[in-house]
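# Survey of secondary and tertiary structure
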Amino acid sequence: MNDLQRPLPAQATGPATRQAPGPAPAFWQMRGITKRYGGVLALDGVDFACRQGSIHAVLGENGAGKSTLIKIAAGVVAPTAGTLSLEGRTVRFGGPQDAQAEGIVCIFQELSLLPDLSVADNICMTAPPGRFGFIDARAQRRRAEELLARVGCAEVNPLERVKNLPLSRRQMVEIAKALDRRPRLLILDEATSALTAADVEKVYGILRALRQEGLAILYISHRMHEIEQLADTCSVFRNGRHIETFAKGSKSDNEIVRLMIGREYTQVYPPKPTRAAPPTPALAVKRLSWGSRLKDVSLTVGKGEIVGLGGLDGQGQRELLLALFGVLRGVGGTVEIEGRPVKLRSPGTAKAPRHGMALIPEDRKSEGLLLPMSVRDNISMASIGRFTRGLFIDRRRQDARIDEMIRRLAIKIGDPGDPVATLSGGNQQKVVIAKWLMTEARIILLNDPTRGIDVGTKQEIYQLLRGLADAGAAILFYTTDYDELIGCCDRVSIMYAGGIKRALTGPDITEENIVASALNIDLKAGA
Amino acid sequence: MSAPSGTLADWRLRLGQSQGALIAVAVFLAMFSLYIANHPAGLTVPVVTTAANKAVLLALVAMAQTLPVLTGGLDLSVGMVFVMTNCLASTIVSGEPWQVALGIVAVLLAGAAAGFVNGAIVVYGRLQPIITTLATGAIYYGIALLLRPVPGGDVDPDLADFMTYTVFGETVPTALVLLLAVVILIWLPFRNSVVGRGCYAVGSSEGAAYMSGVAIGRSRLAAYTLAGLLAGVAGLMLTFVTFSGEASAPIGGTYTLNSIAAVVIGGTSLYGGAGGAIGSIFGAFILRTIDDLLFVFDLPPLWQPLFQGVVLLGAVSLGAARVFRVKNRLELFN
Amino acid sequence: MQGLMQAGLKSIDRPVAVAFGFIVVLLLAGSLYSSSFLSANYLLQQLQVAAFLGLISSGVMLVILLGHIDLSIPWLVTVGGMMSTAAAGWWGPEWAIPFGVFCGVVFGLVNGLGVAILRVPSMIFTLGINAVAQGVMVLHTGGFAPQDSATPLMRWLAVERTLLGIPNAVFIWALLGVAIVVMLKKTPLGRYIYAIGNKEGATYLSGVNTRLVIVTCFVLSGMCSALAGVLLAGYSSKGYQAMGDPYLLPAIAAVVLGGTHILGGRGSYLGTVAGVILISLLASILSVMQMPEAGRQIIYGCVIVGMLLVYGRGQRVVG
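Residues numbered from 1 in each chain as written. Chains lettered and ligands numbered in written order. Predicted model: local features only at pLDDT ≥ 70, side-chain atom pairs only at ≥ 80, totals over all residues.

Helix and strand content of chain C: 13 helices and zero strands. Mapped in sequence order, the helices and strands of chain C form the string α-α-α-α-α-α-α-α-α-α-α-α-α. Since a compact globule built from 319 residues should have a radius of gyration of about 20 Å, the 20 Å found for chain C is in line with a globular shape. Over its C-alpha atoms, taken along the principal directions, chain C stretches across nearly 60 × 50 × 40 Å. Per-residue burial for chain C yields a buried fraction of 57% across its 319 residues. Relative to all contacts within chain C whose residues are 6 or more apart in sequence, the contacts with residues 24 or more apart total 78%. (Helix = DSSP H or I, 4+ residues; strand = E, 2+ residues; numbered from the N terminus. Rg over C-alpha atoms; globule rule 2.2 N^0.38 Å. Buried ≥ 20, exposed ≤ 12 C-beta atoms within 10 Å, placed from the backbone. Contact = placed C-beta atoms within 7 Å.)

In C-alpha cells form, the structure reads like this:
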C-alpha cells in the first residue's frame, strides 16, 4: 500500500470505535442547520454528525439537500441558521479557505481545477511552498510528484496542463489536490462519476487507507453499489430533512430507496413490447468514423425501438451522438434516415422536419438550457419556426402548445415565465425534453438523460420514452447506468474504444454481458 | 516510476506550452532582418536605436495590457494612462537631480494609481472591465488635458539623451536595457509570485479559483495596478523620446489598439489563463517592424494606413481564429 | 418563486427607471443654469442631436445583446458620411444615401463573417476593421479633408423639422426604434439574439443557425453607424475626417447605462433610448456650462462609472 503515509492527526481514533455510535463526541457536528435561498428552503433544521475513522455515505434524491449540506460544511455557503462544530468547538466559515484551514476539504462534482495551469500548480494552488509571496517551483514539483504517486498516477508529468489530461486523470489530480490540504474531514461529492473502473478501485483503496489513518470521510453518491462497497454508515436525506442514519447492511436496497423517495415503489421500468417482426429502420448508421474517437460504428434503430448505448465513460458514446446530430466535422461513413442517406452538417439540419432528429445533450446547464431565460422561452427555443405567421411569432398558439407540454410532462413550476434556473434538476431536464417534443421529432438521441436526477423523475422519463417509442419514435439512448440499459432498452450496443464491441438483444441483455463487453472481455457462451 | 525521462520531457512540454511566444520571436527576427537588409543605412547605431526606442514604447504598453488580459479582462484605458503619464512627466521631470528623481517616482505612482482605480472599480464595484476602462480612459484623458492643454513642456535633457541612446560603448540601446530591467524586476517576479499565479488562475476559471482559495480580488487588483505602472513607465519613456508632453487622443487610442493586437500576436489568449508578457513584447516588436518595413519598401504614404490596418486584421485573425483547428463545433463556443 | 420573478423584472426595469430619473435630474439642473433649458425648442434640439447617437446605439445594442461588441463604429460612421457625399459627386444625388448605407452594410458583413465564421473575438476583429476602414478613407481622400458636400435630401433629413415641428432625424430614429423593438419582441430573430447572448452553445444545439444571426446583427450595426454618418454629413453639409471618433464611448455607454448587460442576453430598447437621451443631455449641459474639454471627459467618465456602480454590478463569485 502507501509508503508515504502522513503522521496521524493527534486526535485520531483507532478502528475499534469505528462501528459503535458511542459516547465519544462526534468529530463533526451540524445542529439545527437551515438554509434558505430566497423563497426556497434547501435545508430544514438538519442535525448531522460524523465520526473520525469512518466512511459516512449521504444518500438522497436531487433537491434533497445533500449538495447544500456539503457546501455548508466546505465553507462555500453559510447557513441561514444553525451551528457547526468541529471536535466540540463551534466554527464559522467565511469561505472555502476557512474550512480548509480547519482541515475540511471537499472534492466537488464540478472540478475545482484550473484547466490552463499545470498539474503541479493545481495541486499546490491553495498554499504553495515558498516564502515572501513567491512560489518555490522545485519544492512544488516535488510535492506534486509525491501526491501523484500516492493516488497511483505517478506517470502524469506535473508540468502538463490540466486541460490536456483525460477527464479521469483530472479527477485523480483533484483528489491529489485535496490530499495536499491534509484533510481531517474529506468530503466527496459524486467524485467517481468520471472515473474509469481501474481508477475507481484506486480511489476505494485510497479512501479505505485514509479511514485507517483516522480521517472522517463523507461520501455522496447516487450509486448504490459504491456505497455498499465503501460505507460504514449511511444517512438518508429527503426534502431538506435528515431522515435517518443507519449502519451499513442494516437495511435492504428497497428500504433505502423507500426512505429516499418516501413512498412505496414497485415497478421501476415500463414493460417492453414483444415484436413479431423486426421494426422498419428509422436510423441506420454504417461504418461511421471520426478522427481517432469513432471507428467503424454501425448500428440501426428501428421505429418504436429503444436502443441503448452502453460502455464505460469516454468510449465514444458522446461523440457518436454529436456526430449523428451534425455537430462534428470530418465524419466518415453513412447515415441513413428512413432508408435515405443524409448529410447532417448542423443541428439545424438535423432537426428539420424531413429528418426529425432531436438530441437531449449531456450537460443540461450549459448545453440544454438557457438558465436565465424563462421556462417558456426555453421550451420554445427549438420550434419557434413552427409557430410563425409571416415574420412574427404567433404567441397564442405557441403558448397553448407550451402549456400543453408542461402538463403532459408534469413539470413542476410556479409560472411559465419564471427563469428556468429556479427549477430543480429533474424539472430542468423535463424542460429540455419538452423543448424537443415540441419539434415532433421522430428520432430522439439522449446523452445520459437521467444523470443526477432524482428517482421519481427518472421513472417518469422511462415511461415517457416508452410512450414515445410506442407511438413510433426511434430512440437511441446512452446511459452510464446499466440498470437502465437492462430495464428500458429493446437492444443494447456496448461501445469500447470508439467502436461497437457487442450488440445485445432480448435475453442477452444482462448485467454480466454488459459489464464484460464494457471492459472488453469476451465471455464464453453460456458462461 | 516517475514521469518519462525527467528533464527532456519537461523541456518538450515547456516548449510546447510557449509555442505562441516562440513563433512571435521567430517572426520578429525574420522581419527585422528583412528591414535591416533593405534599409539604406543598414545595421548602424542610429537605425537600431530609433527602432528600439519606438518598439520599446509599444512593448511596455503591451506588457501593461497583458496583465489584465491574463485575468480574463481587458484594459481599454492603457493608452490614456500612457498619454497622461507622458503629460505629467513633461511637467515635473526636470530641474535639480533630486527633483528629477522625485518626478520620476511621482509619474510611476500616478500610473500605478490609475491602474489601481481601474482594478478597484472592477474588483470592488464588480463592474465589467470593458466598460470600466472605457470610462476611466476618458477620465485619464481629461486629466492629461488638464496637465497639457497644448503640447509642450520639458524634460531633463541629459536623462532623456541617455535613455534614448546607447550604453556599453555604443552597442546596446538603453531602451532595450530598460525593457530587460522591467522584465527582470517586474514581470518575472510577478509571474512566480502567488499573486501572479492567482491572475492566471482567475483567467482560467474564476469559479474553480474561488474554490481553490485563490485571493481573486487581490490578484485582479494587482494585475490592473501593475498595468498602470507599466503604462507609466512607457509614458515616462515617451517623454524622453519626444522631449515634450501631448494630450493626444489619437495616440492614446492607437496605443490601446496596438497593445491588444500585440498581446494577441504574442500568443496570450484573450480569454485569460494562458500566455505571458514576453510574447507580448515580441508581438509589439513585430507590429513596429511592420511599420518600418512599409517605410523601407517605399509604400506610398497614402496606402500605409490601409496596409497597416489589413496587416493588423490579418495578424490578429491568424492568432485568434480557432475555426480551422476545431473538429467539434461545440468547442467553438465557450 | 414569486420573489425571484419580481427580482428578474426589477433587474430590467431598475436601470431604465434610474436612467429616466437621472434625465429628469439633469433637466432640472440645466434649467437652474439657464431658463431656456426646458423650452420646447431646446428640448427638440437636444432630441435631434441625440438622434444621431440613437441610431448608432441601436445597432450596437443588438451586437452587445449577442454578447459581442462593435468597436468599428468610429470609422464606419465616417465611411457613411464620406462615401455618401462622394457618391453624390460621382453618380448623382439620388445615390448618396443608398451608397453610404451600403458601404456600412459591407463592412458590417465583413465584421459578421470574421466573428461568426472565423471566430475571432469581436473586440479585436472590429478594432481591426476600424483600422482598415480608416485606411480606406485615407486613401479615398488623399489625406485631405473631403471636398464633397451633402445632398439637399441629406440636409433635409438631418436638419429640417417637418411634422409637428419635430426634427426629421428624430423620426428616422423613432422608425428605426420601432422596427428594432418589434424585431426583438415578436420575431424569431429577436428571440435568438437573446438566446445567443445567454449561451451560444445551447442555442446552437437547439438547432438555431447562430452564425446567420450574428452576421445579421453586425450588418445591422454597420448599417446603423453608416446611416448616422450620412445624417451627420447632412447636418454639417459635408463629411469630415474622424467624424465618428467622438461617438464610440457614448454609444456603448448609452447601451450599458440603459440596462443592457455588457456580456449579452439581457436588455431592452427602451433602456437604450433612455441611455442615449441621458448621455446627450449630459454632453449638452456640459457644453452650455462652457466646460473645457478636459472637464467634460472627466465628468463623462465619472458619471458612467457612477451610474453603473448604482445598478450595473455583477454577482459575487461563489462555487
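After presenting the structure, the write-up continues.
Before going further, it helps to spend a moment on the interface of chain B and chain C. Contact with chain B, which involves 47 residues of that partner, is made by 48 residues of chain C. Of all the elements in the fold, those that place two or more residues in the side of chain B that touches chain C are helix H6 (129-147), helix H10 (206-211), helix H12 (249-265) and helix H14 (304-320) of chain B. A per-element tally of the side of chain B that touches chain C places H6 of chain B first, with 13 residues. Of the residues in the side of chain B that touches chain C, the class split is 35 nonpolar, nine polar and three charged. (Nonpolar A, V, L, I, M, F, W, Y, C, P; charged D, E, K, R; others polar.)

Quick look at the sheet that holds strand S13 (residues 306-310) of chain A now. Residues and elements named next belong to chain A. Taken in spatial order, the six strands of this open sheet run S16-S19-S20-S13-S21-S22, and their pairing is mixed. The open sheet has two edge strands with one neighbour each: strand S16 (357-360) and strand S22 (499-505). Adjacent strand axes in the sheet meet at a mean angle of 20 degrees, parallel and antiparallel pairs treated alike. Bridge analysis of S13 against strand S20 (residues 474-478) gives four bridges, and the strand direction is parallel. The partner of Leu309 across the bridge, within S20, is Tyr478. Relative to the sheet, helix H17 (residues 511-518) contacts S13, strand S21 (491-496) and S22, its axis offset from that of S21 by approximately 25 degrees. (Pairing = 2+ DSSP bridges. Axes fitted to C-alpha atoms, helices over the stretch in contact; angles between N-to-C directions.)

For the rest of this paragraph, the subject is the sheet that holds strand S11 (residues 281-290) of chain A. Residues and elements named next belong to chain A. In spatial order, the strands read S12-S11-S14-S15; together these four strands make up an open sheet with antiparallel pairing. If you trace the sheet from one side to the other, it starts and ends with strand S12 (294-302) and strand S15 (340-342), each paired once. The mean angle between the axes of side-by-side strands here comes to 20 degrees, regardless of whether they run parallel or antiparallel. By the bridge criterion, five bridges tie S11 to strand S14 (residues 332-337) in an arrangement that is antiparallel.

Here we come to the interface of chain A and chain B. Many structure descriptions define interface size as the accessible area lost when the parts assemble. Taken together, the contact pairs 32 residues of chain A with 29 residues of chain B. Considering each element in turn, the side of chain A that touches chain B owes the most residues, three residues, to helix H2 (residues 96-101) of chain A. Here the residues of the side of chain A that touches chain B sort into 17 nonpolar, eight polar and seven charged.

The next thing to look at is the packing of helix H6 (residues 152-159) of chain C against helix H7 (residues 168-186) of chain C. To describe two helices that pack against each other, one gives the angle between their axes and the distance between the axes. Residues and elements named next belong to chain C. It is at 5 Å that the axes of H6 and H7 come closest, and there the two elements cross at 80 degrees. Relative to H7, H6 is oriented roughly perpendicular. Together, Trp156, Leu157 and Ala158 of H6 and Asn168, Ala169 and Ile172 of H7 make up the contact between the two elements. The residue inventory of the contact of H6 with H7, partitioned by class, reads five nonpolar, one polar and no charged. (Parallel < 35°, antiparallel > 145°, perpendicular 65-115°, else oblique.)

On to the nonpolar core, then. If you look at the biggest cluster of nonpolar residues, it comprises 372 residues, and the most contacted ones within it are Leu60 and Met237 of chain B. Tallying contributions element by element places helix H10 (residues 210-236) of chain C first for this core, with 17 residues. For this core, the two domains that each supply at least three residues are domain 1 (27-261) and domain 2 (281-518) of chain A. If we skip the residues at most four places from it in the chain, Met237 of chain B touches Val56, Leu57, Leu60, Met163, Ala175 and Leu178 of chain B. (Core = buried A, V, L, I, M, F, W, Y, C linked by C-beta atoms within 7 Å. Domains from an automatic or database assignment.)

Below, the discussion takes up unusual backbone geometry. The phi torsion of most residues other than glycine is negative, and most of the peptide bonds are trans. Residues and elements named next belong to chain A. For Phe132, which is not glycine, the phi torsion reads 55 degrees and is therefore positive. Along the chain, the position of Phe132 falls in the loop between helix H3 (119-123) and helix H4 (137-150). Notably, Arg287 is not glycine yet its phi reads approximately 50 degrees, a positive angle. Tracing the chain through its elements places Arg287 in strand S11.

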